[in-house]
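# Observations on the model geometry
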Amino acid sequence: MFAYARVGLGKEAGFIAGWMAMLDYVLIPAVAYLFSGIAMNALVPDVSRWVWTALAVVITTCLNLWGVRAAARVGFLVLAMEIVVLVIFIVSAIVVLARDGAERGWLSPLSGDGTQGAFALSAVIGAVSVAVLSYLGFDAVATFAEEVTGGSEKVARALLFCLALAGVLFIAQTYLVALLEPTTSAQLAADAGKQGSAFYDAVDVSVGDWLHNLVAVSKAIGAAFAALAGQAAAGRLVFAMARDRRLPRALSKTDDGVPRVALLSAAVITLVAAVWAARRDDGLDHLVSVVDIGALTAFTLLHASVVGWFAVRRRGGPVVWWRHVLVPVLGAAITVAVIVEASGTAQVVGAIWLAVGLVVLAVQSRGWSGSSHAVCGGTARW
């Protein structure tokens, strides 16, 4: 997003897109780490979930500092384990539904269970933030373009494959667990403490402790190692912006090809956010909303960059109005609508983060106008 907005809209818009995306990239791993902490706390309630969350951050950060190849090997093994557990869950859920029937209507996962009142467009738009979070992260594949063999086409295929696979798996498990869930949506909405463990509670009641424990272990390990990839992507985004002198130059240093300074910086922010959220009953909701604000703001600029590149700058050949103008404008309108419906806390955090980014941009611009090399005077160099 940083690169696309920079070439489509200019270096200032590119920086803002990268800055807001950094909020997304740094905090998405925090959400995954929190999921890991929730899952482990469901297995070992005597240990606070913030302790499990912090432990997951430390372990995966060490793997990322080891190098991308080692992290990729471990991540592949964890993915294989997760797929096996997911297949076991799907088969078990189908058996229970065939034997005992569903707790609610077969279409209720799509239409609602009727306990939250009539259909409301604002509720749908608000729920889009959950869907956004569920599909965020596949774009992180693009941050490894410089470290892969086979060219950009291989990266593009990997990105689309991840998107399609994640969509199928997410829909399957969400639909099945919604049919098994004995607690109504109104009851879950009224008790924020039960929302994080709702999946495990439904599996426990409908199938049994053995699957509850198996799924919890799988989710704990899987979420932590999903965060491993997200943390690596966040570190590389920080590294790329520092290399382009949009962040302090110290963040662009590498050690044997690994941007360890950038990775550690991103990991510290992730650790603070994840532990803060883990210590609150409503921490997951707040964290998800903040992540979405950063991502959706960056995606809005990404849509605008398509219009800027093709329709304004005319750099991409003949303009196809429906593809280069209509589609990105509609996409931007949807992302803006979701931002408007986000929680007040998320909007405030997003506004503060944006304000800080604008200050950084102003300082950089002043430095560029005074000198082509030094920024902020003295010994600080970007």
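Since the model is a prediction, treat every value here as computed from it, not as a measurement.

A cluster of nonpolar side chains, contributed by F76, L77, L79, I83, V87, V91 and V95, occupies part of the molecular surface with about 660 Å² of accessible area. Mapped onto the elements of the fold, V87 is located in helix α4 (residues 68-100).

This paragraph deals with the packing of helix α13 (residues 283-312) against helix α14 (residues 321-340). Across the interface, α13 lies against α14 with an axial gap of 9 Å and an inter-helix angle of 160°. The angle between α13 and α14 falls in the class roughly antiparallel. The handedness of the crossing between α13 and α14 is left-handed. Counting all contacts with α13, which are made through I293, L296, T297, F299, T300, H303, V306, V307, F310 and A311, the residues of α14 involved are W321, H324, V325, V327, P328, V329, G331, A332, T335, V336, V338 and I339. Here the contact of α13 with α14 is built from residues that sort into 16 nonpolar, six polar and no charged.

By the definition in use, this model includes one salt bridge. As a salt-bridge pair, D100 and R99 come within 3.1 Å of each other at their nearest N and O atoms. Residue D100 is classed as exposed on the basis of its relative accessible area of 52%. Relative accessible area serves as the criterion here: at 58%, R99 is assigned to the exposed category.

Turning our eyes to something else, we now look at the packing of aromatic side chains. Tallying each qualifying case throughout the model produces two aromatic pairs. Ring geometry for W19 and W353: centres 4.7 Å apart, planes at 20°, overall stacked. One end of the pair, W19, is in helix α2 (residues 11-43); the other, W353, is in helix α15 (residues 344-370), and 334 residues separate them in sequence. Judged by relative accessible area, W19 falls into the buried class, the value being 8%. Put simply, the rings of F15, W19 and W353 pair up and form one aromatic cluster. One Lys or Arg, R279, reaches over the ring of W50 and ends 5.3 Å from the middle of that ring.

Turning our attention to the environment of L65. With respect to the helices and strands, the residue L65 is situated in helix α3 (residues 49-66). On the basis of relative accessible area, L65 is assigned to the buried category, the value being 19%. C-alpha of L65 to C-alpha of V258: the two residues are 193 residues apart in sequence and 7.0 Å apart in space. In this view, L65 contacts V258, R260, L263 and L264; residues no more than four positions away in its chain are not counted.

Right, let's talk about the packing of α2 against α3 for a bit. The interhelical angle for the contact between α2 and α3, taken along N-to-C directions, is 130°, at an axis separation of 8 Å. In this view, α2 runs oblique relative to α3, as classed from their interaxial angle. Handedness of the α2/α3 crossing: right-handed. Where α2 abuts α3, its residues Y33, L34, S36, G37, I38, M40 and N41 lie against R49, W52, T53, A56, V57 and T60. Here the contact of α2 with α3 is built from residues that sort into seven nonpolar, five polar and one charged.

About the thresholds
- Residues numbered from 1 in each chain as written.
- Predicted model: local features only at pLDDT ≥ 70, side-chain atom pairs only at ≥ 80, totals over all residues.
- Heavy atoms only, no water.
- Patch = residues over 30% accessible without salt bridge, like charges linked within 9 Å, V, L, I, M, F, W, Y side chains within 5 Å.
- Areas by Shrake-Rupley, 256 points an atom, 1.4 Å probe, with all protein chains shown as cover.
- Salt bridge = Lys/Arg side-chain N within 4 Å of Asp/Glu carboxyl O.
- Helix = DSSP H or I, 4+ residues; strand = E, 2+ residues; numbered from the N terminus.
- Axes fitted to C-alpha atoms, helices over the stretch in contact; angles between N-to-C directions.
- Parallel < 35°, antiparallel > 145°, perpendicular 65-115°, else oblique.
- Left-handed = near helix turned anticlockwise from the far one by under 90°.
- Contact = heavy atoms within 4.5 Å.
- Nonpolar A, V, L, I, M, F, W, Y, C, P; charged D, E, K, R; others polar.
- Buried < 20%, exposed > 50% of the residue type's maximum accessible area, 1.4 Å probe, protein only.
- Phe/Tyr/Trp six-rings, centres within 6.5 Å; stacked < 30°, edge-to-face > 60°.
- Lys NZ or Arg CZ within 6 Å of the ring centre and 35° of its normal.

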